[in-house]
Amino acid sequence: DGGITQSPKYLFRKEGQNVTLSCEQNLNHDAMYWYRQDPGQGLRLIYYSQIVNDFQKGDIAEGYSVSREKKESFPLTVTSAQKNPTAFYLCASAPGQGNYGYTFGSGTRLTVV
Amino acid sequence: GESVGLHLPTLSVQEGDNSIINCAYSNSASDYFIWYKQESGKGPQFIIDIRSNMDKRQGQRVTVLLNKTVKHLSLQIAATQPGDSAVYFCAERSPGQFYFGTGTSLTVIP
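Residues numbered from 1 in each chain as written. Chains lettered and ligands numbered in written order. Predicted model: local features only at pLDDT ≥ 70, side-chain atom pairs only at ≥ 80, totals over all residues. Heavy atoms only, no water.

(A) The arrangement of the packing of aromatic side chains in detail. Within the structure shown, the criterion is met by 19 aromatic pairs over all chains. Ring geometry for Tyr 64 of chain A versus Tyr 89 of chain A: centroids 5.9 Å apart, planes at 65°, classification edge-to-face. Pair noted here: Tyr 64 of chain A is in strand β7 (residues 64–66) and Tyr 89 of chain A is in strand β9 (residues 87–94), with a separation of 25 residues, a long-range link. In this structure, Tyr 64 of chain A and Tyr 89 of chain A share a single accessibility class: buried. Both rings, one in Phe 104 of chain A and one in Phe 100 of chain B, keep their centres 6.0 Å apart while their planes meet at 70°; by these two values the pair is edge-to-face. Taken together, the residues span two chains, with Phe 104 of chain A in strand β10 (residues 103–104) and Phe 100 of chain B in strand β9 (residues 97–100). Under the relative-accessibility criterion, Phe 104 of chain A is labelled buried at 8%. Judged by relative accessible area, which is 11%, Phe 100 of chain B ranks as buried. Above the plane of the ring of Phe 74 of chain A lies Arg 68 of chain A, whose end atom (NZ or CZ) is 6.0 Å from the centre. (Phe/Tyr/Trp six-rings, centres within 6.5 Å; stacked < 30°, edge-to-face > 60°. Helix = DSSP H or I, 4+ residues; strand = E, 2+ residues; numbered from the N terminus. Buried < 20%, exposed > 50% of the residue type's maximum accessible area, 1.4 Å probe, protein only. Lys NZ or Arg CZ within 6 Å of the ring centre and 35° of its normal.)

Rendered as structure tokens:
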């Protein structure tokens, strides 16, 4: 079955550490996205990529970094520069053209301890 | 309806009743809309979509209504079931990207 997989489901980080969240899709989608979800707020776009080896900052990119070396993979690194990293992170993918919504992964809950 | 803030709007319905969840969108240039369902601790799931050249679309037990005049979107769920309990939010596609509402928490009372 095609889908989008995020790992790990839960992640704990000590202050000052960088952590990387994995996102893999086998849907052959061109576009991939990272969103942050906080209680009572809509999804906020961190980074997105519409093609391999290219990505763009979203609305809240500060303190985050990404790479897109393969079509299937779009890992997100939460760096120590991110002041409030505790959140639920969602990865999504889309065909890139046409009237399609996003397919979301199951999310990673990151907690800073 | 949905709004920006720290507290989600909530809706409680009796099992078997119909549910109506509302969403006000912001951009009159938005051309495509989606409703998502999100269960606790999980990623959002696509429910139904509608293009801006339509005002109504029906799926299985769900109907989406679009009123472009007042920039309003609604999701109707017929014969609501306990498995429908979740957060529902709308998404609008403005040129370039999707924007997501904060969501409405639906609780179905058995």
